[in-house]
Amino acid sequence: MDDIYKLYEQKFSKSKALYEKAKSLFPNGICHDIRSYPPFPVVTDRCEDIYMYDTNGNRLLDLWMGHFALLLGHGSITQNAGAERGLEAGIHHGTLNTMQIEFAETLKSAVPELELMRLCTSGTEATMYVTRVARAFTRRDVIVKVEGGWHGGNSVLSNGVVPPFVKRENAPEGLKTVSVPYNNTERTLDILNEYKDDTAAIILEPMLGAGGGILADEEYLKAIRQFCDETGTLLIFDEVVTGFRFRYGSIWPLLGVQPDLFTFGKATAGGMHVGIYGGRRDVMETISKQKLFAGGGTYSGNPLSMAVGIQTLNKLKTMDYNSLNIAGDGIRQFLESKVQNLKVPAAATGYGSYFCLHFLTDRPETVTPAILMSSSDKDMENLFKAAMLVNNVFTVHSGGALSFMHMKSSTIDTIKQAYIKTFEMLEI
Ligand SMILES: Cc1ncc(COP(=O)(O)O)c(C=O)c1O
């Protein structure tokens with residue numbers, strides 16, 4: 001262990017010094033909790049294509065790609081063309097502008113179920129506003145989310161994120177958020193029935209991202225859909241990660257269950273700050289009918305973000321998602337086969353281009369978010385991340401997500417070789 005951290009400190013010596021400075025500026029030295037990891041985070045200077053360049057000049061193959069937002073790579077021609085258009089238009093208008101309309105029309109042609117939508121500047125805002133609209137429409141208070149579900153930093157949805165999923169971290173008085181176990185239909189329906197007269201909406205990620213890379217079961221989603229139809233509860237898919245990652249549009253046609261409302265963000269805008277929420281016209285009309293304050297903030301729909309978003313969506317429309325998903329399946333199968341022979345308990349999860357490797361304290365019989373999160377071996381995960389960085393690959397959750405720029409067989413090979421070398425270094 002010490003040897004790996006020693007190698008890390010040598011390789012990333014300049015990051016260490018800069019991290020000391022960052023600690024005097026930011027709590028814990030970072031501006032997003034996931035960017036902190038031991039012994040200190042790598043400080044990047046510049047990113048290009050699928051690579052990060054750190055302050056020591058190391059070139060690191062990036063599997064994080066800006067919180068999974070960059071499906072076309074860092075600094076792509078598409079991104080730059082959009083940025084140029086946005087700069088020419090004037091970065092920020094603070095008005096209804098032509099690019100907002102073009103961006104929304106492009107989105108709607110990919111997701112026709114977005115009958116009406118609102119634009120904001122992050123996934124956090126989108127989930128905050130969509131639950132507010134759901135409460136106003138149904139005139140009910142309770143929001144149900146799943147255990148381990150991450151919907152950004154907004155107060156109402158910041159509970160039930162970390163095992164044992166009982167902490168009511170931030171929920172303000174009077175607004176109740178209840179968590180249900182993902183993919184456990186029986187327990188979920190029991191809890192839903194307890195709150196059936198008071199539940200405004202159920203919000204879930206169709207593939208639990210931060211909660212472990214686990215796809216929702218079709219049977220689970222169907223049971224929830226049926227509960228919603230019978231009780232007038234709204235179903236919200238938080239597609240900030242899944243939207244435009246596995247196909248051009250929402251993931252719902254792949255899963256067979258349609259939600260009432262959606263949130264999108266990340267992949268839609270090629271690295272710019274965008275959040276989107278919307279769906280059923282009658283629900284979204286609550287904003288005008290009840291004069292509801294439902295977003296979007298000073299920078300919502302700013303020309304720079306919109307222009308990069310338009311360019312990104314138009315390019316994504318032409319891309320081969322099937323091959324991207326197959327490339328991800330290949331890495332996951334490789335990890336699954338390795339996990340069988342590791343000396344430590346581990347599990348590989350994910351879907352399509354998204355893959356995670358979990359180090360655990362016990363060998364799991366089944367893989368559920370609760371098991372993955374409560375028996376996670378954090379020390380091993382941290383050490384693994386440092387060793388992968390020593391081997392020039394930047395991972396998150398010991399895995400990551402592929403962009404369309406990762407699909408060369410030589411790149412896939414480099415990723416697999418880094419995993420093999422890291423297992424050897426750790427002697428696991
Ligand atoms: C599923 C999901 N929803 C919402 C968010 C919040 O989005 P943002 O970080 O843009 O505020 C995230 C962020 O990772 C997410 O994964």
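Residues numbered from 1 in each chain as written. Predicted model: local features only at pLDDT ≥ 70, side-chain atom pairs only at ≥ 80, totals over all residues.

## What about the site of the ligand?
The condition that has to hold: For each residue, a C-beta atom is placed from the backbone, and the residue counts as near a molecule or strand when that atom lies within 6 Å of it. Secondary structure counts use DSSP, requiring at least four H or I residues in a row for a helix and at least two E residues in a row for a strand, with both numbered from the N terminus. Throughout, the ten residues Ala, Val, Leu, Ile, Met, Phe, Trp, Tyr, Cys and Pro are labelled nonpolar, Asp, Glu, Lys and Arg are labelled charged, and all others, Gly among them, are labelled polar.
Looking at the ligand, there are 15 residues lining it, with Ser122, Gly123, Thr124, Gly152 and Val240 nearest. A total of three residues in the shell around the ligand trace back to one element, the largest contributor, which is helix 6 (residues 123-138). Along the lines of polarity and charge, the residues of the shell around the ligand split into four nonpolar, nine polar and two charged.

## Considering the nonpolar core
Soluble, globular proteins show a tendency: their nonpolar side chains are buried together. Where we set the bar: Think of a nonpolar core as buried Ala, Val, Leu, Ile, Met, Phe, Trp, Tyr and Cys residues, each tied to the set through C-beta atoms within 7 Å. Buried residues are those with 20 or more other C-beta atoms within 10 Å of their own C-beta, exposed residues have 12 or fewer, and partly exposed residues lie in between; C-beta atoms are placed from the backbone. Domain start and stop points were drawn from an automatic or database domain assignment. Contact criterion: two residues are in contact if their C-beta atoms, reconstructed from the backbone, are within 7 Å.
Counting 116 residues, the largest nonpolar core has Ala134, Ile202, Leu234 and Ile236 as its most contacted members. Ranked by the residues each element gives to this core, the list is headed by helix 15 (residues 378-390), at eight residues. Residue assignment places this core across two domains, with domain 1 (2-71 + 320-426) and domain 2 (77-316) each supplying three or more. The contact partners of Ile236, leaving out residues within four places of it in the chain, are Val130, Ala134, Ala201, Ile202, Ile203, Pro259, Asp260 and Leu261.

## Some remarks on the pairing of strand 10 (residues 234-238)
The cut-off we apply is this: Here, strands pair whenever DSSP counts at least two bridges between them.
Summarising burial for strand 10: five of the five residues are buried, a large majority. Neither face of strand 10 is left uncovered, since the one carrying Leu234, Ile236 and Asp238 and the one carrying Leu235 and Phe237 both have all their residues buried. In this structure, strand 7 (residues 199-204) lies alongside strand 10, joined through four bridges in parallel fashion. Each residue of the ladder has a partner; that of Leu204, found in strand 10, is Phe237.

## Let's talk about the sheet that holds strand 10
To keep it simple, the criterion reads: Axes, fitted as lines to C-alpha atoms, cover a helix only where it is in contact. Angles between the N-to-C directions of the axes lie from 0 to 180 degrees.
The seven strands are arranged 4-12-11-10-7-5-6 in an open sheet whose pairing can be described as mixed. Of all strands in the sheet, those bounded by a partner on one side alone are strand 4 (116-120) and strand 6 (177-180). For this sheet, the mean angle separating the axes of adjacent strands, direction not counted, is 20°. Bridge count between strand 5 (residues 142-146) and strand 7: four bridges; the pairing is parallel. Of the residues in strand 7, the one forming a bridge with Lys145 is Ile203.

## Comments concerning the environment of Gly73
Take Gly73: it is sitting in the loop between helix 3 (65-68) and helix 4 (77-89). Taking the C-alpha atoms as reference points, Gly73 and Ala387, separated by 314 residues in sequence, lie 24 Å from one another. Apart from residues no more than four positions distant in its own chain, Gly73 is found in contact with Asp49, Ile50, Ser403 and Met405.

## Describing the sheet that holds strand 13 (residues 346-351)
The three strands lie next to each other as 13-14-16, forming an open sheet whose pairing is antiparallel. Edge positions in the sheet fall to strand 13 and strand 16 (400-401), since each has one partner strand and no second.

## Side note on the domain arrangement of the protein
Each assigned domain of the protein is listed here: domain 1 (2-71 + 320-426) and domain 2 (77-316). A C-alpha centroid distance of 27 Å is found between domain 1 and domain 2. In this complex, domain 1 contributes 25 residues to the contact, which on the side of domain 2 involves 24 residues. Elements with a minimum of two residues in the side of domain 1 that touches domain 2: helix 3, helix 13 (321-341), strand 13, strand 14 (354-359) and helix 14 (369-374). With five residues, helix 14 is the largest single contributor of residues to the side of domain 1 that touches domain 2. Grouping the amino acids of the side of domain 1 that touches domain 2 by side-chain chemistry returns 14 nonpolar, eleven polar and no charged.

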